[in-house]
Amino acid sequence: MPHIEIDGSEIEVAPGATLMDAAAQAGIYIPHFCYHKKLSIAASCRMCLVEVEKAPKPLPACATPVTDGMKVWTRSERAVEAQKGVMEFLLINHPLDCPICDQGGECQLQDLAVGYGASNSRYAEPKRVVREKELGPLISTDMTRCIHCSRCVRFGQEIAGMMELGMPGRGEHTEVMPWLEHQVTSELSGNVIDLCPVGALTSKPFRYKARGWELSRRRTVSPHDGLGANMLVHVKDGRVYRAVPQDNEAVNECWLADRDRYSYEALYSEDRLTRPMVRDGDRWVEVDWGKALAQVAGALKMLRDTHGGDAIGVLASPHQTVEELHLLQKLARGLGSDNIDHRLNHSDFAADAGRAGAAWLGLPVAELSNLDRVLLVGATVRKDQPLAAQRLRQAVKAGAQLSIIHAADDDLLCKVAHKLVVKPSALVQALAQVARALQEAGLDVGAVAASIGGVAVTDAARAIAGSLRGGARKALLLGSLAQQHPRAAELHQLAWAIGQASGARVGFLSPAANSVGAQVLGVQPAGGGRNAGRMLAEPRKAYVLMGVEPELDAYDARQALEALRGAEFVVALTAFKGAAPDYAHVLLPIAPYTETAGSYVNMEGRLQAFHGAVKPLGETRPAWKVLRVLGNLLELPGFEFDSAEAVRAEALPEGEATVRARLDNAVEGVALAHPAPVEGLDRVGETPIYQLDPLVRRAPALQKTADAAAPEVWAHGELIARLGLEEGGQVRVTQGEGAAVLRLRRDDRLPVDAVRVAAGHPLTAGLGARLGTLSLERL
Amino acid sequence: MSTKVCLWTLDHPNPASLETYVANGGYSALKKILAEKTPAEQIIEQVKISALRGRGGAGFPTGLKWSFMPRSFPGDKYVVCNTDEGEPGTFKDRDIVQFNPHQLIEGMVIAGYTLGARAGYNYIHGEIFELYQSWEQALDEARAAGYLGKNICGSGWDFDIHAHHGYGAYICGEETALLESIEGKKGQPRFKPPFPASFGLYGKPTTINNTETLASIPWIVKHGGQRFLELGKPNNGGTKIFSVSGHVNQPGNYEVPLGTPFAELLEMAGGVRDGHRLKAVIPGGSSAPVLPAEIMMDCTLDFDAIAKAGSMLGSGAVIVMDETVCMVQALERLAYFYFEESCGQCTPCREGTGWMYRVVHRIEHGQGRPEDLDLLMSVGGNISGRTICALGDAAVGPVHSFIKHFRKEFEYHIENKRCMVGD
Ligand SMILES: Cc1cc2nc3c(=O)[nH]c(=O)nc-3n(C[C@H](O)[C@H](O)[C@H](O)COP(=O)(O)O)c2cc1C
Ligand code: SF4
Ligand code: SF4
Ligand code: FES
C-alpha cells in the first residue's frame, strides 16, 4: 500500500486511490466542484489543484492517482494561488445574484468564494448571459449561474441511465440543455438539484419559498416504495418546505427518487382532512374527536355484538407505520375479527398457507448493486422502485447479466441479457420454462419437478436458465406484477424452485414503504380470516380503513367500491378526504408520516424509525393515538401506550431482530395448475409511479410530469392493425361490466395479445381486475 | 536536389496514383517486413534510431511512443492517424493525403503490424472533404492491390483502415478529443492519465500519430533509422515539411532537412515580400510563441534550436510577418481563435480565453488601460499548466510572447488609442 505525505501528515492509502480520496481519508478538505463521489471523474473545474512534489504544475487532486512516497500540499502558497486563480475564473461570468438565488446559503460556489475569492473583480468586460431552459415541472433553471461542472450531465448518463441533459456548444458558449424541446423525464431527475453546486438547477416547487438558513432539518424516511430512502425534510413555522436526501450508503446512497422528493407538497393539499367528520344523512358535519370516536366505537361494538367479529373487515395501507399497523391488527383481533389485510392489490393469496415467513428482498439492498446475475419477474422496477432499479443498473454496468420475464419489454435503461415477454396470463408458463430448462440441465428443482415435465422450453428461457447457472452473486426478484398476479402463488413456488436449483436468492421487490413490516406485524389473516380479496368479494357489514383508497388501491376497484358502498358502517382513518365521503360514515383525520413518530421496515428488513417533523395539521392526530383511544373506548385490553416507541417495543420486542427472525421467502405446497394462458386480450394494469399512494396522488408538481399523464390504452402495432383500430383515436375498453373510453396508443414493447391500461387511477377505476381480460372497440 | 521523405511524389506525374508510388519502391517496406516477419521490436528500434519526432506539434519521439503500446495486450488495439490539421498556418498534412496517400497507408499498415493493431482510423479535417473522398479512393486501390484489408500481401494478416471526417473543430485535433469524436461523442479532450496507449479508442490501447509522422515510417523501414537520422540532425531526424505563409513571395509547403537555417527556408519561399522587412515569425503554428526577426534569423529549424530560442517547432507552420503588421491586431486575431475554439470543459481555458480576447480587443479598439498588460500576463499565468489539454497553454503562448517581445507596441496602443504601425 502506498504511503504518502499530505499537508505534513503521513498516511497509508489504498492502491489506485486519488489524492482526493487520500485527503478525505486524512480529514483534509480540498475545494472541488466537478468531483462527486458517485460520478466519473471529469477533472475539469480545476478547483482541486494541489501542489505535488516534483510536479512542475499544480495537479487536480480528484484525478491524480497517488504513488508511493508522494508529497502533497493542499494549502501551500502554490496550491492556494492556483485555487484562487480558478475561483476568479469561475466568478468572472457568474451573475453573483446570491440575494435572489435559492441556492443562497447552501451553495458550494458561495462557500468557497468566501475562502478563495477576492473582494473585488479584475474582470471589467461584459458578462455572459444564458437563456433559460424548460426542464419540466420539477426543476427550475437559472443557467447563467452554471459553472459547467457537468455533474448534471454525468448523472443522467451514469446514474439515471438516460442522458437527458447535454452540453452542446464550445468554450464560453457551452450550455447545459435538454435535447431539443424535451423536458427531463427521468424518475430520478431531482437529484441534479442536489448535485448542482450552484443555483443553476433548483427545485421548481420550492422556488422562492424560503431561504436555506431559515429551515430546520428533520430526519425521516420516505413513505413511498419499499426501499425506505432516508431523507431530511426542511421545516419552517411548522410546515414542510422540501425534502432532500440523507446519505445512507446501505439504502439510498445519496439519491432520492422524484417521488420521495416532491410528494411533500401533498401534505398541504386542499383535500387534507383536518377535522373529524361524520355523515348526517346526506350531509357531512365536522365534529370533535370525542363524538367521532364514540360513534365509531359504538357502531363497531354494535355490529360485532349482533353479527360477530367476522362482520368487520379491516384494510390497511402498507404505507402506514409499524406502530399504526400493530395497533390496528390488535384492534381487529380484539374485536374478534381476523379479517385484516394490507394487500389490497393482490389477487391470489394461495401461498399464505405454505409460506415460511414474510416476503422480503431476500438480500441486503446494497447487494443489488453487486449482483452478477439477476432475473426480474413481473417487475416494472423503474417505476415501482426507482432507486432499486438504479442499483441494478450499476450492477449491469459492472458486468452483471440481467434478464427479464415480464408482460412488457420496458426500457430499463441498461443492457438486458435475455428476455421473455409474454402476456400476464402466460407468465407462469414462462417461469415454468426456466425451471424446466434447469431441470433439463440436470438440476434438482424440488417439489415442482413433477408438474413441469411437459413444459416446452423456448430458447429465451434456456438462455435465462443458463445465465442463472453462472455467476456467484445472483438473485431472482419478483416485482409488483408478479405479486398482484392471479397466480402469484405459483409464480412464487416456481421462483423458489428456481432459486433452490440455481443458487439464486429469491426476493420480492416490496411495493410500499412498510410492506415487509405489515407482514411481520400480522396485518393479514392469521387464523382463517378473510384476506383482502375475500373481504371485498364477500362484502362485510363494516369496514375499518386506514390510509387506503380502495377505489384506487384494490386489485378490482369496481368490486371494492361496491362492497364499501353496501356496508352498514365504514370508518376511514385517513389524511385525505378523497372519495371516502362517498362510502364512509365517519372520517378520522390521521397524521401523514411527517406529523407522527413511527417506523417502517424496508424491503431488506431494515427497521427505520423517525420522529414527527412537524405538528399535526389542524385537528389531525397520529393514528397510533387514535387507535389507542379507540381501543380504550372498545374496552379492549392492552391499549395503554404513552409513546410510539412503547407501541414499537410491543410490536417488535427485539426491534430489527424480531423482523429478521420472521423473514423467509420459502414456500411449499402450492400446486402448479398449468392452465393454458387465458384466451383473448390480457390487461396489464399496473399502478403508475405517481399513483402509488394517497400522497403522490395529490402532489401537484409530480402530477404535472409526463409519468403522471392520464391513462391511455397501449397496444402493440400488430394488435391495433388486427383490430382495425386507429392509433391516437378513442377506444372503448370493456372489462366485464366495467368500461372506459380512452385514447389508443402504440407500444411495440408489449406482447401482441396484451393491452396496457394503468390501474390506480380515477379514469380506470371503473374497469375491474388489474390483470383481467378486456376487449377494445372503436368509437 | 535534397531528399524528400513525404512530398517526393510531386516530382512525378500523377503523384497520388498507386502506380507512381509502387513504381518508385512504394509498399516494398511493407512487403519486406511481412515476408520476413520482421519482429516488431526491430521496427520500433529503427524508429527510435531514426529520431523521428512527432510532426503533430509536440515533437514527441515516435519510437518511444510506440514502445509504450502494450503490444501483447490480448484485446483489440488501434492505430489512429491525425489529419485534423486545424492549427492556423498548417497545411502540410492535406498535401500528403492529396499527393502521396499510399505512403501514409503503408505507414499506417506498418504501424498496425508493429503495434499489433486490429484496425486503423484516419481522422480527416472536416473542411477538406474532397480529401476525405480521395483518401477513400486510395484505400480502395490499396485494398484491391492487396496492400490493405484481408490477407495483406498474402501474409494471412488482416488490417483495415477507416476514414472518419471531422466537422472542423480545432479541438478535435487534440488526440483524446479526436478519439471521443471518432466514438461519436462531443470532441472534448480526456484527462490523462490514462494515456491512449492504455485506454484509447473505445477504451482499447491506441497509438495516435500525425499524418506526416506516419507517412515517414515506410522510408525509415526501407532505408533504416540511421539514414533517416542523418537526413536531419541528432535528436531531430529526417526532413520536415514547413508550411510557410504570410508575407513571403512564394508561400507554400517546403520539405527540408531538420536543422536547415531559417534564412534558407525564407529564401526558398522567395523572401519577404518585396520592399518589406521581416518583423517577426511564428515558427510552429499559431500556438507557438512569436519570435522577433533578429532571433529568428539566427535560428535553425529543428525542435531543439527553436525551443532554445523560446518557441516551438510545433507543426512546422511558419508564419512570416513584415513591418506592416500591427502586433496588437495580430494578437487579437489569435486570441479570438483560441477563445472560439476552446472546448469549454476546463474553467481556466473556458473563462480565461474569453477574458484575454476581450482585453486585447479593447486595447486594439482604443480602450486599453495601463494595467491591462499585467492583467493579461497574470490571467495567462492562471491558465497555463492548469488545464486538461494543451489548448490552454496554446492560447497563452501568443499572448505572453507578443507582450514580451512587442510590449512597446501594446503600450503605444493603450496610451495613444491607435496603432504604432503603418498609416
Ligand atoms: C488543441 C490541440 C490541437 C491539436 N491539433 C492537432 C492536429 O490538428 N494534428 C495533429 O497531428 N496533432 C494535433 N495536436 C497534437 C495531438 O494531440 C497529438 O499530440 C499528435 O497527433 C500526436 O502525433 P505525433 O506524435 O505524431 O505528433 C493537437 C493538440 C492540441 C492540444
Ligand atoms: S447546471 Fe449545475 S450541475 Fe449542471 S453543469 Fe451547470 S453547474 Fe454543473
Ligand atoms: S484546455 Fe481548453 S480546450 Fe483543452 S480541455 Fe480544457 S477547455 Fe477544453
Ligand atoms: S474537482 Fe478536481 S477538477 Fe473539478
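So, here is what we can say about the structure in this document. (Residues numbered from 1 in each chain as written. Chains lettered and ligands numbered in written order. Predicted model: local features only at pLDDT ≥ 70, side-chain atom pairs only at ≥ 80, totals over all residues. Heavy atoms only, no water.)

Focus on the environment of Ile-306 of chain B
Residue and element names in this part refer to chain B. Test applied: Strands are runs of DSSP state E lasting at least two residues, helices are runs of H or I lasting at least four, and both sets are numbered from the N terminus onward. Here's how the labels work: a residue is buried when its accessible area is under 20% of the maximum for its type, exposed when over 50%, partly exposed in between, all with a 1.4 Å probe on protein chains only. Residues are treated as being in contact if the distance between any of their heavy atoms lies within 4.5 Å.
If you trace the backbone, Ile-306 turns up in helix H13 (residues 303-308). Take Ile-306: its relative accessible area is 0%, and that puts it in the buried class. Residues Ile-306 and Ile-414, 108 residues apart in the sequence, show an inter-C-alpha distance of 31 Å. Beyond its immediate chain neighbours, meaning those up to four positions away, Ile-306 contacts Pro-283, Met-296, Cys-299, Thr-300, Leu-301, Ser-311, Met-312 and Leu-313.

Let's talk about a nonpolar patch on the surface
Residues and elements named next belong to chain A. Note the cut-off: Excluding any residue in a salt bridge, patches collect residues exceeding 30% relative accessible area, merging like charges within 9 Å and nonpolar Val, Leu, Ile, Met, Phe, Trp and Tyr side chains within 5 Å. Working definition of accessibility: Shrake-Rupley area with a 1.4 Å probe, residue cover restricted to the visible protein chains. Any carboxyl oxygen of Asp or Glu that lies within 4 Å of a side-chain nitrogen of Lys or Arg is treated as forming a salt bridge with it.
Side chains of Met-163, Trp-179 and Leu-180 sit close together on the surface and give an oily, nonpolar patch of about 360 Å² of accessible area. Mapped onto the secondary structure, Trp-179 falls in the loop between strand E8 (177-178) and helix H5 (191-195). Relative accessible area serves as the criterion here: at 48%, Trp-179 is assigned to the partly exposed category.

Quick word on the site of ligand 2
Quick reminder of the rule: One heavy atom within 4 Å of a molecule or strand makes the whole residue count as near it. Under this grouping Gly is polar, as are all residues other than the nonpolar Ala, Val, Leu, Ile, Met, Phe, Trp, Tyr, Cys and Pro and the charged Asp, Glu, Lys and Arg.
Near ligand 2 lie 13 residues; those nearest to it are Cys-146, Cys-149, Ser-150, Cys-152 and Cys-196 of chain A. Across the shell around ligand 2, the residue classes break down as 11 nonpolar, 2 polar and no charged.

Section: helix H14 (residues 488-502) of chain A
An α-helix turns once every 3.6 residues. As a result, residues three or four positions apart point the same way. All names here are of chain A. Which entries qualify depends on this criterion: Expected helix span is computed as 1.5 Å times (number of residues minus one).
Here H14 spans 21 Å end to end across 15 residues, near enough to the 21 Å set by a 1.5 Å rise per residue. For H14, the tally of buried residues reaches 13 of 15 residues, placing the bulk of the element in the interior. At the C-terminal side of H14, Gly-503 shows a positive phi close to 85°.

Here we look at the pairing of strand E5 (residues 239-246) of chain B
Side-chain positions along a regular strand alternate between the two faces of the sheet. All names here are of chain B. Where we set the bar: For two strands to pair, DSSP has to find at least two bridges joining them.
Burial analysis of E5 places 7 of its 8 residues in the buried class, the great majority of the element. In terms of strand pairing, E5 meets strand E6 (residues 252-257) through 6 bridges, oriented antiparallel. Within E6, the position partnered with Val-244 by the bridge is Gly-252. What sits between E5 and E6 in their antiparallel hairpin is a turn of 5 residues. As judged from the 4 bridges shared by E5 and strand E11 (residues 317-322), these two strands associate in the parallel manner. Along E11, the bridge assignment pairs Gly-246 with Val-320.

What to know about the site of ligand 1
Residue and element names in this part refer to chain B. As a reminder, the rule being used: Think of a polar contact as two N or O atoms within 3.5 Å of one another; within protein, one of them needs to be a possible hydrogen donor and the other a possible acceptor, and neighboring residues in sequence only count if both atoms come from side chains.
Close to ligand 1 lie 19 residues, the nearest being Gly-56, Lys-65, Glu-85, Asn-210 and Thr-213. Here Lys-65 contributes a side-chain N or O atom positioned 2.9 Å from an oxygen atom of ligand 1. Between ligand 1 and Gly-173 there is a distance of 3.3 Å, counted from a nitrogen atom to a backbone nitrogen or oxygen. With the chains in place, 90% of the 600 Å² that ligand 1 exposes on its own is no longer accessible. Among the elements that take part in the shell around ligand 1, strand E4 (residues 206-210) stands out by supplying 3 residues, more than any other. Here the residues of the shell around ligand 1 are counted per class, giving 5 nonpolar, 8 polar and 6 charged.

Things to note about the sheet that holds strand E13 (residues 277-280) of chain A
Residue and element names in this part refer to chain A. The mixed open sheet is built from 7 strands, whose spatial order is E14-E13-E24-E23-E22-E15-E16. Here the strands that pair on one side only, and so sit at the sheet edges, are strand E14 (283-286) and strand E16 (340-341). Here strand E22 (residues 542-546) runs beside strand E23 (residues 569-574); their pairing, made up of 5 bridges, is parallel. Bridge pairing links Met-546 to Leu-573 in E23.

Some points on the pattern of salt bridges
For the coordinates displayed, the defined rule picks out 86 salt bridges over all chains. In this structure, Arg-745 of chain A engages Glu-712 of chain A in a salt bridge whose closest nitrogen and oxygen atoms are separated by 2.8 Å. Linking Arg-745 of chain A in strand E30 (residues 738-746) with Glu-712 of chain A in the loop between helix H24 (700-703) and strand E28 (713-715), this pair joins segments that are 33 residues apart in sequence. Since its relative accessible area comes to 28%, Arg-745 of chain A is described here as partly exposed. Of the charged contacts, one joins Lys-150 of chain B and Asp-158 of chain B as a salt bridge, the two residues approaching to 3.9 Å between their closest N and O atoms. Overall, the relative accessible area of 67% leaves Lys-150 of chain B in the exposed class.

With respect to the sheet that holds E4 of chain B
All names here are of chain B. Applied cut-off: Here the axes come from fitting lines to C-alpha atoms, over the contacting stretch only for helices, and the angles between their N-to-C directions go from 0 to 180 degrees.
Overall, parallel pairing links the 4 strands, which are arranged E3-E2-E1-E4 in an open sheet. The strands lining the two open edges of the sheet, one partner per strand, are strand E3 (160-165) and E4. Pairs of neighbouring strands in the sheet enclose a mean axial angle of 20°, with direction left out of account. Here 6 bridges tie strand E2 (residues 119-124) to E3, and the two strands are oriented parallel to one another. When the sheet's bridge partners are listed, Tyr-123 is paired in E3 with His-164. Where helix H7 (residues 129-144) meets the sheet, its contacts fall on E2 and E3, and the angle it forms with E3 comes to roughly 170°.

Focus: the interface of chain B and chain A
Cut-off, in case you're wondering: In short, buried area is how much 1.4 Å probe accessible area vanishes from two parts on joining, totalled over both.
Chain B puts 32 residues into the contact, and the matching count from chain A is 36 residues. Summed over both partners, the interface of chain B with chain A buries about 2,800 Å², with 53% contributed by carbon and sulfur atoms. When the area that chain B buries against chain A is broken down by residue, the three leading residues are Glu-351, Trp-355 and Arg-386 of chain B, summing to 25%. For the pair chain B and chain A, the interface holds 5 salt bridges. Across the pair Glu-81 of chain A and Arg-386 of chain B runs a salt bridge whose closest N-O atoms are separated by 3.0 Å. Viewed at the interface, chain A and chain B are joined by 17 residue pairs in polar contact (both at pLDDT 80 or more). Of all the secondary-structure elements, those providing two or more residues to the side of chain B that touches chain A are helix H14 (327-341), helix H15 (347-364) and helix H16 (372-383) of chain B. By residue number, the principal contributor to the side of chain B that touches chain A is H15 of chain B, which donates 10 residues.

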